[in-house]
Amino acid sequence: MTATLPASASDIAHAVSRGEVSAADIARAALARIDARDGEIGAFTDLTRERALAEANAVDEARAQGATLGPLAGVPYAVKNLYGIAGLSTRAGSKISAGDPPQQHDAVLVARMKAAGAVLLGALNMGEYAYDFTGENAHYGPSRNPLDTTRMTGGSSGGSAAAVAAGFVPVALGSDTNGSIRVPAAFCGLFGLKPTYGRLPRTGTFPFCDSLDHVGPFATSTADLARTYDALQGHDASDPVCAQRPIEPVTGEIAKGLDGLRIASATGYFRADAEPGALAALARAAQAAGADDEIEIPGAAEARAAAFLITNAEGSALHLANLRRRPADFDPDTRDRFLAGAMLPASWYVAAQRYRRAFQGTMAALFERYDVILAPSAPCSAPRLGQKTIHLGGRDVPLRANMGLYTQPISFVGLPVAAVPVRTAGELPYGVQVIARPWREDHCLRVAAALEAAGL
């Protein structure tokens, strides 16, 4: 084994492809890091140790035979435990689904990662049935923030963020319905990507809210985020909302920087209740991006309210049978939210879906003037584990319900967003959303790369 192994996905793939290090050595080192520290972090619920070594050996054998390796050759990764993994039951953060039969096939994105040469290390902790913003799981324990283990990772992709922030893997896959990539990325100081709704197939993943569910990656750099996203792209007919669009690679685009991009910073609703640190992070990002213009996004509060209704209604509909048969096996907080959703009047759900069309028009009009809009990812930095309320806008409010304050209006209409960390010495990081019009993930990642290069 080499004395110093490469850490980033890009460096690992290059080193493995050139024969400077073996994929097997990379996998063994990653597994050793998990063995040494995950008892403290709680990122993993399942390790696929034998599969990881078999996949790594297959990469090494392919190179020995002179084959051209994939763009993620030898890169260790892990997935939120709502992704199907052949041979494992898909827990989806729950006690109930952990008893389901093992999956016969990998989720489509897991299969695409394997085809790109990546090496799967296991499944990651998450909020029960993805209905969570804290990273605290009642059945498997919390995923702890590696930057400060007394703090939350955010949720529901908390284990995914923890695994990357702890250095267990350079990239991980999560999901984002109302902010479940963007909030953990902010709390753990990571880059994340919520692509356009319908861009990446969800085939083989456990659903939460079908009309809002997105899937996407976490990474420690924009380059790794782009490389992983490119490996995931492509239509899949088994997901009825997956768009029939060609693969549109972004890895070669991120070096273009800010040239030609019209960038504004969101004000009004997106600043009203934020902590001073979150506002300072947004100001730093706006200055680095040359975003001198500030814009209001009309109807953002109503969009968030409508997203809440749709989430409650669709989420509860999936679980009605188990709410009747096995109510005691749910996390009580999750159960209560699902029960509330089951009692919503149908007319409210219909009104919320109608408002979605109106808000899409609002955002489309703004994107006629601008290519990118910046906004906070969360109103605060990572709260303490067990914390129930937070002081925002001069009052104490329920913590869990308000972590998606700034993310929910954006996922409500399926826009692509790159999550960018903003760090200040001696303080926990904050996050900024880089939001673009549909299908312009390249714009999101160009700005993210420019902010990264500016040293935020």
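Heads up: these notes are all about the structure in this document. (Residues numbered from 1 in each chain as written. Predicted model: local features only at pLDDT ≥ 70, side-chain atom pairs only at ≥ 80, totals over all residues. Heavy atoms only, no water.)

1. Quick notes on helix α3 (residues 49-64)
Then comes step 1: Given a rise of 1.5 Å per residue, 16 residues ought to cover 22 Å, and the 23 Å separating the end C-alpha atoms of α3 matches this to within 8%.
Then comes step 2: The complete set of buried residues in α3 reads R51, A52, E55, A56 and V59. With its buried residues spanning 130° around the axis, α3 presents them on a single face. Facing away from the buried side of α3 by over 90 degrees, the exposed positions are E50 and A64.
Then comes step 3: Where α3 ends, the next residue or the one after it, G66, has phi of about 85°, a positive value. (Helix = DSSP H or I, 4+ residues; strand = E, 2+ residues; numbered from the N terminus. Expected span 1.5 Å × (residues − 1). Buried < 20%, exposed > 50% of the residue type's maximum accessible area, 1.4 Å probe, protein only. Arc of directions from axis to C-beta.)

2. A look at the layout of surface pockets
Then comes step 1: Within this model, the largest pocket holds a volume of roughly 200 Å³.
Then comes step 2: Lining the largest pocket are 15 residues, with Y131, D132, F133, N178 and F308 sitting closest to its centre.
Then comes step 3: In terms of residues, the lining of the largest pocket owes the most to one element, helix α10 (residues 300-318), which gives three residues.
Then comes step 4: Split into classes, the residues belonging to the lining of the largest pocket amount to six nonpolar, six polar and three charged.
Then comes step 5: Roughly 180 Å³ of volume is contained in the second largest pocket. (1 Å grid on protein atoms, 1.4 Å probe; cavity = no way out; pocket = protein on both sides within 12 Å on 5 of 7 lines; lining within 4 Å. Points joined across faces, edges and corners; volume = space filled by probe spheres on them. Nonpolar A, V, L, I, M, F, W, Y, C, P; charged D, E, K, R; others polar.)

3. Things to note about the sheet that holds strand β8 (residues 293-295)
Then comes step 1: Pairing is mixed in the open sheet, where eleven strands are placed in the order β1-β3-β2-β4-β6-β5-β12-β13-β9-β7-β8. Both outer strands of the open sheet, β1 (44-47) and β8, are each paired with one neighbouring strand and no more. Averaged over all pairs of adjacent strands, the angle between their axes in this sheet comes to 30°, without regard to strand direction.
Then comes step 2: The pairing of strand β9 (residues 372-376) with strand β13 (residues 430-436) spans five bridges and is classified as antiparallel. (Pairing = 2+ DSSP bridges. Axes fitted to C-alpha atoms, helices over the stretch in contact; angles between N-to-C directions.)

4. Points about empty space enclosed by the protein
Then comes step 1: Applying the stated criterion across every chain, the model contains two cavities of 30 Å³ or more.
Then comes step 2: As a volume, the largest cavity reaches approximately 60 Å³.
Then comes step 3: Considered class by class, the residues forming the lining of the largest cavity number five nonpolar, four polar and two charged.
Then comes step 4: The volume enclosed by the second largest cavity comes to roughly 40 Å³.
Then comes step 5: Residue lining of the second largest cavity: P195, T196, Y197, G198, R199, L200, R202, D213, H214, V215, D239 and V241, and that is the complete set.
Then comes step 6: Split by residue class, the lining of the second largest cavity holds five nonpolar, three polar and four charged.

5. Points about the packing of aromatic side chains
Then comes step 1: Counted under the stated rule, the structure contains twelve aromatic pairs.
Then comes step 2: When the ring of Y269 is compared with that of Y406, the centres are 6.1 Å apart and the planes differ by 90°; the resulting orientation is edge-to-face. Of this pair, Y269 sits in helix α8 (residues 269-272) while Y406 sits in the loop between α14 (399-402) and α15 (408-411), and the two are 137 residues apart along the sequence.
Then comes step 3: The buried category is assigned to Y406, whose relative accessible area is 0%.
Then comes step 4: Taken together, the ring pairs in this structure connect Y129, Y131, F206, F208, F330 and F338 into an aromatic cluster. (Phe/Tyr/Trp six-rings, centres within 6.5 Å; stacked < 30°, edge-to-face > 60°.)

6. What about the pattern of salt bridges?
Then comes step 1: Across all of its chains, the model carries 25 salt bridges by this definition.
Then comes step 2: For E253, the salt bridge identified is with K256, shortest N-O distance 2.7 Å.
Then comes step 3: Residue E253 is classed as partly exposed on the basis of its relative accessible area of 22%.
Then comes step 4: Each of the salt bridges in this network shares a partner with another, and the network as a whole consists of R199, R245, E248 and E441. (Salt bridge = Lys/Arg side-chain N within 4 Å of Asp/Glu carboxyl O.)

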